[in-house]
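# Observations on chain architecture
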Amino acid sequence: MQVDTQKIVVLGTGGTIAGRAQAAGDNVGYVAGEVGVQALVDAVPGLAQAAGGALAAEQVAQIDSKDMDGAVWLALAQRVQAHLGDPAVRAVVVTHGTDTVEETAWFLHCVLAAHKPVVLTCAMRPATAVTPDGPQNLLDAMAVARAPGARGVLVVCAGALHGARAVQKVHPYRVDAFASGEAGPLGWVEEGQVRLAQDWPSAPDGWAQAALEKIANGAPWPRVEILTSHAGATGAVADALVRDGVQGLVVAATGNGTVHHALEAALLRAQQAGVAVRLTTRCALGQVVPRAGAPLPLARGLSPVKARIALLLELLGAPAPQ
Ligand code: ASP
């Protein structure tokens, strides 16, 4: 086996990819994050070769990603950053749960200058399934990690390659659970080869890196909550959150950034009280087209969960994402 001079580091965070069920036929009644990352890596035939012969594994967390939080994000970002800064490391692969992988990918994209590839991968079926999807996803992630020109924070699942900004979980059960909306995937992984449909994401500059430093130095995470506008919406929850000290509110608005008048009145009150408010749309595709005179600012082109992360970082002093 030819050994690459640069290694690929796999950071484990848990998820279904590391999940264990009582019965092999059970694809939903499992416990996520049970299998350690070294065992996961060791169980995939040909993974070391796919990585170029130099592969290391490190456990950062072992959680169901529905429970992702700031502490794990900080630890993960710091480990990724440390490995990216090591000339002996070619790329970092992160195993993650599917539920919030799009959030972690966007968070890492914002806080890291990922001139090397950071490839997040996951699985919809537990490691104990009759046909688990994790092993192939790991092999595909290695192919992306070693692809010429690869850079930035990427997500690989079911043979598709997505960018951090557009990727979204769109199905609760199917193995092919991710899409990149109107942008479409960056490409596909086929038999160990990457076929690009778009360019690699432009070299990210880690525009919110200083915000990560602040958190690392003990600054608390700002409190940002997400609200949805819907038929019969009221301002009660927004008002209660303001009373409770919320610092930011992201609203999944209807259509082109419209908000029920009762909720809108409460949001204007919140804004008046110094709470940062950002509007996104609850539509699955597209982004809000700005209109003159709109009273509340937009988080353009970001899904509600990603707009929340952008606002968290803004409240820590980072500029708004482009
Ligand atoms: N709840 C799991 C997680 O996000 C789901 C998955 O990985 O598919 O960790």
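Structure: see above.
Presented here is an overview of the structure given in this document.

Thresholds applied
Residues numbered from 1 in each chain as written. Predicted model: local features only at pLDDT ≥ 70, side-chain atom pairs only at ≥ 80, totals over all residues. Heavy atoms only, no water. Helix = DSSP H or I, 4+ residues; strand = E, 2+ residues; numbered from the N terminus. Rg over C-alpha atoms; globule rule 2.2 N^0.38 Å. Buried < 20%, exposed > 50% of the residue type's maximum accessible area, 1.4 Å probe, protein only. Contact = heavy atoms within 4.5 Å. Areas by Shrake-Rupley, 256 points an atom, 1.4 Å probe, with all protein chains shown as cover. Pairing = 2+ DSSP bridges. Axes fitted to C-alpha atoms, helices over the stretch in contact; angles between N-to-C directions. Core = buried A, V, L, I, M, F, W, Y, C linked by side-chain atoms within 4.5 Å. Phe/Tyr/Trp six-rings, centres within 6.5 Å; stacked < 30°, edge-to-face > 60°. Near = heavy atom within 4 Å. Polar contact = N/O pair within 3.5 Å; in protein donor to acceptor, adjacent residues only side chain to side chain.

Once that is clear, we can look at the overall build of the protein. Across its full length, the protein holds 9 helices and 15 strands. Rg of the C-alpha trace for the protein: 20 Å, near the compact-globule value of 20 Å for 322 residues, within the 12% margin. Each principal axis of the C-alpha atoms in the protein carries an extent, and together these give about 65 × 45 × 40 Å. Looking at the protein as a whole, 48% of its 322 residues are labelled buried. In the protein, the proportion of contacts linking residues at least 24 apart, taken out of those at least 6 apart, comes to 73%. Approximately 13800 Å² of the protein is accessible, and the part contributed by carbon and sulfur atoms is 52%.

Before going further, it helps to examine the side chain of Ser303. Along the chain, Ser303 falls in the loop between strand E15 (276-281) and helix H9 (304-315). Judged by its relative accessible area of 14%, Ser303 is buried. Ignoring any residue separated from it by four or fewer positions in sequence, one finds Ser303 in contact with Gln168 and Thr280.

Let us look at the sheet that holds strand E8 (residues 160-163). Taken in spatial order, the 8 strands of this open sheet run E4-E1-E5-E6-E7-E8-E11-E12, and their pairing is mixed. Each edge of the open sheet is held by one strand with a lone partner, namely strand E4 (55-63) and strand E12 (193-196). Strand-to-strand twist of the sheet, defined as the mean angle between neighbouring strand axes without regard to direction, takes the value 25 degrees. Sheet topology note: the strand E6 (residues 117-121)/strand E7 (residues 152-157) ladder contains 5 bridges and is parallel. Its bridge partner being in E7, Pro117 is matched across the sheet by Gly152. In the packing of helix H3 (residues 70-84) onto the sheet, contacts are made with strand E1 (7-14), E4, strand E5 (89-95) and E6, and the angle to E4 comes to roughly 170 degrees.

Here the focus is the nonpolar core. Membership of the largest hydrophobic core comes to 52 residues, with the highest contact counts inside it found for Val80, Phe107, Leu108, Val111, Val118, Leu120 and Leu313. Among all residues touching Leu313, those that are not within four sequence positions of it are Phe107, Cys110, Val111, Trp207, Ala208, Ala211 and Ala318. Counting residues in hydrophobic clusters, the runner-up holds 29 residues, among them Ala123, Leu138, Ala145 and Val189.

Attention shifts here to the packing of aromatic side chains. Scanning the model with the defined rule gives 3 aromatic pairs in all. Between Phe107 and Trp221, the aromatic rings sit 5.8 Å apart at their centres with planes inclined by 50 degrees, giving tilted as the arrangement. In this pair, Phe107 is assigned in helix H4 (residues 101-111) and Trp221 in the loop between helix H6 (209-216) and strand E13 (224-228), connecting sequence segments 114 residues apart. The class of Phe107 is buried, set by a relative accessible area of 1%.

On to the site of the ligand. In the vicinity of the ligand, the contacting residues are Gly15, Thr16, Tyr30, Asp64, Ser65, Gly97, Thr98, Asp99 and Ala123. One nitrogen or oxygen atom from the side chain of Thr16 is found 2.9 Å from an oxygen atom belonging to the ligand. Asp99 is positioned with one of its side-chain polar atoms (N or O) 2.7 Å from a nitrogen atom of the ligand. For the ligand, whose free accessible area comes to 260 Å², the fraction covered by protein is 94%.

Reading across from one edge, E13-E14-E15 is the order of the 3 strands in this open sheet, with parallel pairing throughout. Whereas interior strands pair on both sides, the edge strands pair on one side only; in this sheet they are E13 and E15. Taken pair by pair, the neighbouring strands of this sheet meet at an average axis angle of 20 degrees, ignoring direction. With 5 bridges joining them, E13 and strand E14 (residues 248-253) adopt parallel strand pairing. Across the sheet, the residue bridging to Val224 is Gly248, located in E14. Docked against the sheet, helix H7 (residues 236-243) engages E13 and E14, running at close to 170 degrees with respect to E13. Strands in contact with helix H8 (residues 261-272) are E13, E14 and E15; relative to E14, the strand with the most contacts, it is inclined by about 155 degrees.

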